[in-house]
Amino acid sequence: MDRIISGMLTALLAMVFATAAAAGALPRPQGPTVLEVQGAIGKTNAEGAALFDMEMLQALPVARLETSTAVTDGVRSFEGFLMRDLLAHVEASGNTVTATALNNYVIDFDAQEFERYDVVVAYRMDGETLQPSDKGPLWIVYPRDQHTELQDIRYDYRWVWQLMRLEIR
Ligand SMILES: Nc1nc2c(c(=O)[nH]1)N[C@H]1C(S)=C(S)[C@@H](COP(=O)(O)O)O[C@H]1N2
Ligand SMILES: [Mo]
């Protein structure tokens, strides 16, 4: 009898853990939140949102990009994560991504763009952590030198610096 009950308990616990995994709880950030993702996402760690501290963002696969920019001199070397990796990580399912920056700059992206191009959300430039006083802590950077069609004013305004929020619709 004891054995049957303990077997049932084990099965019940397994179901509870499987449900928690499927609901996709992300760990809570331990440090200050630097990025908030909201909207059509399958994984959250707060009410309707996925919050990330810098450590969580740096745990994503590291993406490196060498390119010139529209606002700095010469070729810069960026380090961060791919936008599409972040969107997959939170199980984003919308077609439009709205980015908001600390200075209240807001712009919409077609989510397909992040499949077509290796768009990087950078936290380092030339080995230095991006500071909020200079494009940081997060800067959306496009592989501008790798694709001539990205060397265009329509893309320059998508290089959102001081990124703080993404909303998926
Ligand atoms: N956070 C933030 N990112 C931004 C902007 C802004 O005002 N705030 N301006 C955009 C625009 S309109 C352009 S053309 C490029 C370059 O802006 P700049 O020429 O003012 O440096 O950055 C884009 N990213
Ligand atoms: Mo601009």
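An account of the accompanying structure is given in this report. Note that the structure is a prediction, hence the values are computed from the model and not measured.

Criteria and thresholds
Residues numbered from 1 in each chain as written. Chains lettered and ligands numbered in written order. Predicted model: local features only at pLDDT ≥ 70, side-chain atom pairs only at ≥ 80, totals over all residues. Heavy atoms only, no water. Pairing = 2+ DSSP bridges. Helix = DSSP H or I, 4+ residues; strand = E, 2+ residues; numbered from the N terminus. Salt bridge = Lys/Arg side-chain N within 4 Å of Asp/Glu carboxyl O. Buried < 20%, exposed > 50% of the residue type's maximum accessible area, 1.4 Å probe, protein only. Polar contact = N/O pair within 3.5 Å; in protein donor to acceptor, adjacent residues only side chain to side chain. Core = buried A, V, L, I, M, F, W, Y, C linked by side-chain atoms within 4.5 Å. Contact = heavy atoms within 4.5 Å. Axes fitted to C-alpha atoms, helices over the stretch in contact; angles between N-to-C directions. Patch = residues over 30% accessible without salt bridge, like charges linked within 9 Å, V, L, I, M, F, W, Y side chains within 5 Å. Areas by Shrake-Rupley, 256 points an atom, 1.4 Å probe, with all protein chains shown as cover. Phe/Tyr/Trp six-rings, centres within 6.5 Å; stacked < 30°, edge-to-face > 60°. Lys NZ or Arg CZ within 6 Å of the ring centre and 35° of its normal.

## Quick look at the pairing of strand S4 (residues 75-82)
The sheet contact formed by strand S3 (residues 63-68) and S4 spans six bridges and is antiparallel. Across the sheet, Glu66 pairs through a bridge with Ser77, a residue of S4. Hairpin connection of S3 to S4: six residues between the antiparallel strands, including Gly74 at a positive phi of 70°. Across five bridges, the pairing between S4 and strand S7 (residues 120-125) is antiparallel. Within S7, the position partnered with Glu79 by the bridge is Arg124.

## A closer look at the pattern of salt bridges
Per the stated rule, a full pass over the model turns up eight salt bridges. In this structure, the salt-bridge partner of Arg76 is Asp126, at a minimum N-O distance of 3.1 Å. With a gap of 50 residues between them, Arg76 in strand S4 and Asp126 in the loop between S7 and strand S8 (128-129) connect regions that are remote in the sequence. A salt bridge links Arg84 to Asp118; the shortest N-O distance between them is 2.5 Å. Remark: Asp118 occurs in the loop between helix H4 (113-116) and S7 and Arg84 occurs in helix H3 (residues 83-89); sequence separation between them is 34 residues. Residue Asp118 is classed as partly exposed on the basis of its relative accessible area of 40%. Three or more residues joined by partner-sharing salt bridges are found here, namely Arg64, Glu79 and Arg124.

## Structural notes on the side chain of Thr98
Relative to the helices and strands, Thr98 resides in strand S5 (residues 96-101). Given the relative accessible area of 11%, Thr98 is considered buried. Looking at Thr98, its side chain comes within polar contact range of the side chain of Asp108, at 2.6 Å.

## Remarks on the nonpolar core
Ranked by size, the top nonpolar core spans 46 residues in total, and within it Leu35, Val37, Phe52 and Leu86 carry the most contacts. The dominant element in this core, judged by the number of residues it contributes, is S7, at five residues. Every residue in contact with Val37, bar those within four places of it in the chain, is listed here: Gly48, Ala49, Ala50, Phe52, Leu86, Val90, Leu166 and Ile168.

## Things to note about the sheet that holds strand S10 (residues 163-168)
With mixed pairing, the five strands of this open sheet are ordered in space as S2-S1-S10-S5-S6. The strands lining the two open edges of the sheet, one partner per strand, are strand S2 (49-53) and strand S6 (106-110). The sheet shows a mean angle of 20° between the axes of neighbouring strands, direction not considered. Of the pairings in the sheet, the one linking S5 to S10 comprises five bridges and is antiparallel in character. Among the inter-strand pairings, Thr100 is bridged to a residue of S10, identified as Arg165.

## Here we look at a nonpolar patch on the surface
Together, Tyr105, Ile153 and Tyr157 make up an exposed nonpolar region whose accessible area comes to about 320 Å². Mapped onto the elements of the fold, Tyr105 is located in the loop between S5 and S6.

## Thoughts on the packing of aromatic side chains
One pass over the structure, following the stated rule, counts six aromatic pairs. Consider the rings of Trp139 and Trp159, whose centres lie 5.9 Å apart with planes at 65°: the pair is edge-to-face. One end of the pair, Trp139, is in strand S9 (residues 139-141); the other, Trp159, is in the loop between helix H5 (153-156) and S10, and 20 residues separate them in sequence. Relative accessible area serves as the criterion here: at 0%, Trp139 is assigned to the buried category. Among the aromatic side chains, those forming a connected cluster through ring pairs are Phe78, Trp139 and Trp159. When the ring centre of Trp139 is taken as origin, the NZ or CZ atom of Lys135, which lies over that ring, is 5.8 Å away.

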